[in-house]
Amino acid sequence: GLLWADGHVRTAKSTHYLGIELIADDLREIRWVFDALGDWDYHERTRRGRTKPVASLATSCKAIHEALLGWDYADKSEASPDKVLKAIPECLHRFFWRGYVDGDGNIYVRER
């Protein structure tokens, strides 16, 4: 879910690049999940005009890249995550949605 919200997948045929950038404190907490999937490059920086550093993870793992392309990650701005949800057990769907909401915003209720 977090990759669906904040990840980026290159579609050029000559590369298998995929990456994600988050607030460094947040990415440090979940980095172990990415590391369990393979080798990732990790970098931190502070954007101009910001106080909190951001961190990025990137890999060129062909297997992960092809799986994400097959689940429509390259078209995630226009596609639904149905393919990825069908590929994972239903008991894990809540974790996909948690990552998605964490990456793309929040849910709130107005008094009206």
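In the block above lies the structure referred to throughout.
How each quantity is defined
- Residues numbered from 1 in each chain as written.
- Predicted model: local features only at pLDDT ≥ 70, side-chain atom pairs only at ≥ 80, totals over all residues.
- Heavy atoms only, no water.
- Helix = DSSP H or I, 4+ residues; strand = E, 2+ residues; numbered from the N terminus.
- Expected span 1.5 Å × (residues − 1).
- Buried < 20%, exposed > 50% of the residue type's maximum accessible area, 1.4 Å probe, protein only.
- Arc of directions from axis to C-beta.
- Contact = heavy atoms within 4.5 Å.
- Core = buried A, V, L, I, M, F, W, Y, C linked by side-chain atoms within 4.5 Å.
- Pairing = 2+ DSSP bridges.
- Axes fitted to C-alpha atoms, helices over the stretch in contact; angles between N-to-C directions.
- Salt bridge = Lys/Arg side-chain N within 4 Å of Asp/Glu carboxyl O.

S.K.: An account of helix H2 (residues 24-35) is requested, with residue identities and associated values reported.
M.R.: The terminal C-alpha atoms of H2 lie 16 Å apart, and with 12 residues this matches the ideal 16 Å at 1.5 Å per residue to within 8%. Within H2 the residues assigned to the buried category are Ala24, Leu27 and Phe34. In an axial view of H2, the angular spread of the buried residues amounts to 45°, which keeps them on one side of the axis. Among the exposed residues of H2, those pointing more than 90 degrees away from its buried face are Glu29 and Trp32. If you follow the buried residues of H2, they end up packed against helix H1 (2-6), strand S2 (18-23), strand S3 (41-45) and strand S4 (54-59).

S.K.: Tell me about the nonpolar core, and name the residues and values.
M.R.: Inside soluble globular proteins, nonpolar side chains tend to come together where they are buried. Of all hydrophobic cores here, the largest spans 19 residues; its most connected members are Ile20, Phe34, Leu68 and Tyr73. Put simply, the parts of the chain that give this core at least two residues each are H1, S2, H2, S4, helix H3 (62-70) and helix H4 (82-87). The contacts of Leu68, once residues within four sequence positions are left out, are Leu3, Val9, Leu18 and Tyr73.

S.K.: So, the sheet that holds S3: which residues are in play, and what are the values?
M.R.: In spatial order, the strands read S1-S2-S4-S3; together these 4 strands make up an open sheet with antiparallel pairing. The sheet terminates laterally at strand S1 (7-9) and S3, the two strands that pair on one side only. Each strand of the sheet is rotated relative to its neighbour by a mean of 20°, with strand direction disregarded. Here 5 bridges tie S3 to S4, and the two strands are oriented antiparallel to one another.

S.K.: Residue-level account of the pairing of S4, with values.
M.R.: Buried residues dominate S4, accounting for 5 of its 6 residues. Examined bridge by bridge, S2 and S4 share 6 bridges and lie antiparallel to one another. Along S4, the bridge assignment pairs Glu21 with Ser56.

S.K.: I'd like a description of the pattern of salt bridges, backed by residues and values.
M.R.: Counted according to the given criterion, the structure contains 7 salt bridges. Linking Arg45 and Glu21 is a salt bridge whose minimum nitrogen-to-oxygen distance equals 3.2 Å. You can see Arg45 sitting in strand S3 and its partner Glu21 sitting in strand S2, a full 24 residues away along the chain. Across the salt bridge formed by Glu44 and Arg28, the nearest N and O atoms sit 3.0 Å from each other. You can see Glu44 sitting in strand S3 and its partner Arg28 sitting in helix H2, a full 16 residues away along the chain. Looking at Glu44, the relative accessible area reads 40%, which means it is partly exposed. Under the relative-accessibility criterion, Arg28 is labelled partly exposed at 41%. When salt bridges that share partners are traced, they join Glu21, Arg45 and Arg47 into one network.

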